[in-house]
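A structural walkthrough
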Amino acid sequence: MQLRFIFIFFVYISLVSCKSGTVNLFKAASPHEQYKRKLETAGLDKTAMGSAWINASSASMQKALTIKIPYKETGYFDAGKIPAAAYQFSATKGQKLTIGLEKKPSASALYVDLWYLADINNPKRIASADTLNNPIQHEIEDTGNYLIRLQPELLQSVEYTITITAGPSLAFPTISKSKSIGSFWGDGRDNNARKHEGVDIFGPARSPVLASADGTVTRVNENNLGGRVVWLRPKGKDYTLYYAHLDKQIAVEGQEIELGDTLGLMGNTGNAKTTAPHLHFGIYTFGGAINPLPFIDPVTKTPANISAAISNLNKTLRTSSKSTFYSSIQKSGTIATLNSGTIINVNSATENLYKAELPDGTTGFIDSKSLVQTTKPLKKIRINMNQQKVFDQPDSLAAVKLNLKTGATVNVLGNFNSYQLISDENSQIGWIVK
């Protein structure tokens with residue numbers, strides 16, 4: 001019966017995807033939204049499976065776990081379940097996010113969306129992976145919290161590796177091989193009477209100072225602090241780049257500039273006469289100066305290698321001792337303290353942690369070394385009551401899979417709350433009350 005439903009489901013989806021219905025499928029939308037519309041057009045959003053997929057997409061965003069960029073994770077979505085995963089992290093204006101995705105099988109559909117959380121109750125989708133899952137590259141325009149959601153189509157098993165890194169959105173403004181930044185945003189100036197509104201990049205005298213982006217030179221002048229300066233407005237941006245202490249200005253006002261063009265030569269004019277030659281690089285918005293380092297930071301960190309065994313993905317394991325279940329990869333938020341023998345299902349691996357799920361659906365991070373296989377039972381028990389109910393979930397309201405008769409012997413694989421996960425000689429059976 002189940003196989004017949006799956007066959008009908010796929011036939012129905014393939015048919016409705018080729019014709020229009022009450023919903024305009026050709027309206028610009030993310031691949032995830034397009035798939036949701038197909039479900040709705042086919043009426044499958046009214047079925048248990050279709051509605052569960054739609055609910056999972058929104059529910060995952062409400063319980064997103066906290067990660068830190070850079071981040072790398074290898075995970076598995078089981079076709080027998082209706083999964084979705086979401087991660088929250090912070091990003092800074094000027095950074096460029098790169099979100100890469102590898103899948104097995106490569107033809108499987110796995111939707112990846114990036115959201116800005118200016119209002120946690122009204123997230124704004126700002127980017128999505130295309131149907132080929134080419135990397136998402138997105139320049140951060142607002143400092144704040146962001147969220148990534150992953151969700152496969154129904155009835156698809158997918159192994160994936162997602163990699164998220166943050167680099168500069170602008171090119172470095174000098175040719176200095178050392179890329180030596182000697183003074184940073186906010187450093188004290190004039191006996192701390194004012195703060196440094198930029199970064200100082202040191203290099204050889206009269207070496208080229210370069211355009212960090214295509215744009216227009218809006219001003220070329222001199223002032224007491226910056227000496228000889230050039231102002232460049234990058235194309236399509238809401239900020240202006242400020243190049244100061246130049247020995248010589250080469251660009252002229254109104255000139256259209258391409259990335260890498262020489263704007264001037266490095267010097268120490270203005271209030272830098274007593275210092276070594278360097279470029280003061282600043283960025284100004286309508287609200288004033290902002291920290292330019294995220295825009296040009298030459299150091300792009302790579303995520304830590306995954307040391308947790310990926311052979312445990314989609315496996316049911318148990319804790320070997322009392323363990324902490326975290327809401328953050330940095331282990332800064334505790335969801336629960338798990339007793340020894342607690343059953344847990346592994347969804348993905350990152351660094352030396354597993355992202356895992358408790359039997360009640362709660363997700364979090366746990367040290368991979370805290371978990372062991374359930375192949376060796378904790379103990380054997382003999383059923384001493386007639387018609388012992390076996391549930392498919394650790395919940396008295398869950399469906400009863402079967403009833404065990406008095407005298408039956410079963411293995412206890414682990415625990416969750418007041419329930420025990422049991423098996424017979426051949427396979428896992430379900431949950432019984434302790």
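As a reminder, the structure under discussion sits directly above these lines.
Here the structure is a predicted model, which is why all the values come from computation and not from measurement.

With that settled, consider the overall build of the protein. When helices and strands are tallied, the protein shows four helices and 34 strands. In summary, the protein has a C-alpha radius of gyration of 29 Å against a globular reference of 22 Å for 434 residues, an excess of more than 25%. By its C-alpha atoms, the protein is 95 × 55 × 35 Å across when sized along the principal axes. Here the protein holds 434 residues, and the buried ones make up 46% of them. In the protein, 64% of the contacts between residues at least 6 apart in sequence involve partners at least 24 apart. With the model as given, the accessible surface of the protein reaches about 21800 Å², and the carbon-plus-sulfur share is 49%.

With 15 residues, helix 3 (residues 48-62) should cover 21 Å at 1.5 Å per step; its first-to-last C-alpha distance of 21 Å lies within 8% of that length. In helix 3, a bend of some 25° at Ala 56 exceeds every other bend along the element. All buried positions along helix 3 are accounted for by Gly 50, Trp 53, Ile 54, Ala 56, Ser 57, Ser 60 and Met 61. Along its buried surface, helix 3 packs onto helix 2 (31-41), strand 3 (85-91), strand 5 (110-116) and strand 8 (144-152).

In terms of burial, strand 9 (residues 158-168) is largely enclosed, as eight of its eleven residues are buried. As paired strands, strand 2 (residues 71-77) and strand 9 are joined by seven bridges and run antiparallel to one another. Bridging across to strand 9, Thr 74 finds its partner in Thr 161. Across ten bridges, the pairing between strand 4 (residues 95-104) and strand 9 is antiparallel. Looking at the pairing, Leu 101 lines up with Ile 162 of strand 9.

Structurally, Ser 169 can be placed in the loop between strand 9 and strand 10 (180-183). Residue classification places Ser 169 among the buried positions, given a relative accessible area of 15%. At 2.6 Å, the side chain of Ser 169 and the backbone oxygen of Gly 94 are in polar contact. If we ignore the near neighbours within four places in the chain, the residues touching Ser 169 are Gly 94, Gln 95, Lys 96, Glu 139, Pro 294 and Phe 295.

The subject of this paragraph is the pattern of salt bridges. Evaluation of the coordinates by the stated rule reveals seven salt bridges. Its salt-bridge partner being Glu 33, residue Arg 125 comes within 3.3 Å of it at the nearest N-O pair. With a gap of 92 residues between them, Arg 125 in strand 6 (residues 124-128) and Glu 33 in helix 2 connect regions that are remote in the sequence. Given the relative accessible area of 31%, Arg 125 is considered partly exposed. Two residues, Lys 237 and Glu 139, come together in a salt bridge whose shortest N-O distance is 2.6 Å. Remark: Glu 139 occurs in strand 7 (residues 136-139) and Lys 237 occurs in the loop between strand 16 (227-234) and strand 17 (240-249); sequence separation between them is 98 residues.

Below, the discussion takes up the pairing of strand 34 (residues 428-433). Relative to strand 34, strand 33 (residues 419-423) runs antiparallel, the two being bridged by five bridges. Paired with Gln 420 across the bridge in strand 34 is Ile 432. Two successive antiparallel strands, strand 33 and strand 34, enclose a turn made up of four residues.

Reading guide: rules and limits
- Residues numbered from 1 in each chain as written.
- Predicted model: local features only at pLDDT ≥ 70, side-chain atom pairs only at ≥ 80, totals over all residues.
- Heavy atoms only, no water.
- Helix = DSSP H or I, 4+ residues; strand = E, 2+ residues; numbered from the N terminus.
- Rg over C-alpha atoms; globule rule 2.2 N^0.38 Å.
- Buried < 20%, exposed > 50% of the residue type's maximum accessible area, 1.4 Å probe, protein only.
- Contact = heavy atoms within 4.5 Å.
- Areas by Shrake-Rupley, 256 points an atom, 1.4 Å probe, with all protein chains shown as cover.
- Expected span 1.5 Å × (residues − 1).
- Bend = angle between axes of the 7 residues up to and from the residue.
- Pairing = 2+ DSSP bridges.
- Polar contact = N/O pair within 3.5 Å; in protein donor to acceptor, adjacent residues only side chain to side chain.
- Salt bridge = Lys/Arg side-chain N within 4 Å of Asp/Glu carboxyl O.

Interpretation note: all reported values are geometric properties and have no functional meaning in isolation.
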